[in-house]
Amino acid sequence: SMLQKPQLFSLEDKGAFLSLFPLLDGMRTRNATDPRDKVFALLNIACDVGDSDLKADYSKSHAEVYAMTAKWLLRRTKSLAFLSLVEKKDKPDLISWVPDFRYKDQMNFLHQPAQIWRGNDRIYNASGTTRIRVDAQESMFQLTVQGIYVGTIIEQTEPPGNMLNNVSLGARVLDGGEWQIFAETCAVDRAYPPTGESFDLAYRR
């Protein structure tokens, strides 16, 4: 509808759905014979790419294309929001901070503002309203950021068990564990009755 009748929609609406960031996220579940086309196929659709320097270049590998795209999002939005697209990598052929647009974790709610907004408070917003300063001389494969020192992790342990033992909320419990199976059996039409929010979101909360 936005592409056919753009005059009916505000610039804010177009940005929310037709800018490159949401398109990259929304199309991650689609297939592409060439992984570079997970980016290149969207360049003529995205409303914010236009005459920018982000161009289709098949001389680059998919790792270069994804890193180049991440850096473009950083420069364009002046925000670290693109880091919310980074998920667990089954094939570690990309740099840690570069999103892998070939895959999508349906349980990752970091980048779904429609679900994580509650009034004026957003749960995941680490950089707040801070505008990011970009070093134009920095390598495409390097990301330098400033942060606040909070503490040091001195030990990492595995959760001791699932529902039948001493319960600890860790990846093995949350992702496909007995708690998730239990929660699924309690879901009504994939919605959590007390709040009406989606089962997946209620379970994660």
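Residues numbered from 1 in each chain as written. Predicted model: local features only at pLDDT ≥ 70, side-chain atom pairs only at ≥ 80, totals over all residues. Heavy atoms only, no water.

Observations concerning the pattern of salt bridges
Put simply, the test is: One side-chain nitrogen of Lys or Arg within 4 Å of one carboxyl oxygen of Asp or Glu is enough to make a salt bridge. Helix numbers and strand numbers start at the N terminus; a helix is a DSSP run of H or I with at least 4 residues, a strand a run of E with at least 2. Burial status follows relative accessibility: with a 1.4 Å probe on protein chains alone, a residue under 20% of its type maximum counts as buried, one over 50% as exposed, and anything between as partly exposed.
Applying the stated criterion to the full structure yields 5 salt bridges. A salt bridge links K71 to E138; the shortest N-O distance between them is 3.2 Å. Taken together, the positions of K71 in helix 4 (residues 62–77) and E138 in the loop between strand 2 (121–122) and helix 6 (171–174) put the pair 67 residues apart, joining distant regions of the chain. Across the pair, E138 and K71 agree in class, each one buried. In this structure, D93 engages R102 in a salt bridge whose closest nitrogen and oxygen atoms are separated by 2.8 Å. Given a relative accessible area of 18%, R102 falls into the buried group. Connected via shared salt-bridge partners are D93, D100 and R102.

Topic: the confidence of the model for the protein chain
So the rule is basically this: On a range of 0 to 100, pLDDT expresses the predictor's confidence in each residue. Contacts: residue pairs with any heavy atoms within 4.5 Å of one another.
With 74% of its residues at a pLDDT of at least 70, the protein chain reaches an overall mean of 77. Here strand 1 (residues 117–118) is the element of the protein chain with the lowest mean pLDDT, 40, and helix 3 (residues 37–40) is the one with the highest, 95. pLDDT under 50 marks residues 113–120. Its contacts with residues more than four places away, or in other chains, come to 16 contacts.

What to know about the environment of S139
Just so we agree on the cut-off: Any pair of nitrogen or oxygen atoms within 3.5 Å is treated as a polar contact; in protein, a donor-acceptor pairing is required on top of that, and neighbouring residues in sequence qualify only through side-chain atoms on both sides.
Within the fold, S139 resides in the loop between strand 2 and helix 6. Among the polar contacts made by the side chain of S139, one reaches the main-chain amide nitrogen of F141 at a distance of 3.0 Å.

Re the packing of aromatic side chains
Two numbers describe a pair of aromatic rings. These are the distance of the centres and the angle of the planes. Counted only if it meets this: Any two of the Phe, Tyr and Trp rings considered here, Trp counted by its six-membered ring, make a pair once their centres fall within 6.5 Å; the pair's planes then place it as stacked at under 30 degrees, edge-to-face at over 60, or tilted in between.
Tallying each qualifying case throughout the model produces 3 aromatic pairs. On the numbers, 5.0 Å between centres and 75° between planes, the contact of F40 with Y58 is edge-to-face. Taken as a pair, F40 in helix 3 and Y58 in the loop between helix 3 and helix 4 lie far apart in primary sequence, 18 residues in all. Ring centres of F82 and W97 lie 6.4 Å apart, and the angle between their planes is 80°; on these two criteria the pair is classed as edge-to-face. Of this pair, F82 sits in the loop between helix 4 and helix 5 (113–116) while W97 sits in the loop between helix 4 and helix 5; the two residues are 15 residues apart in sequence, bridging distant segments of the chain. For F82, a relative accessible area of 1% translates into the label buried.

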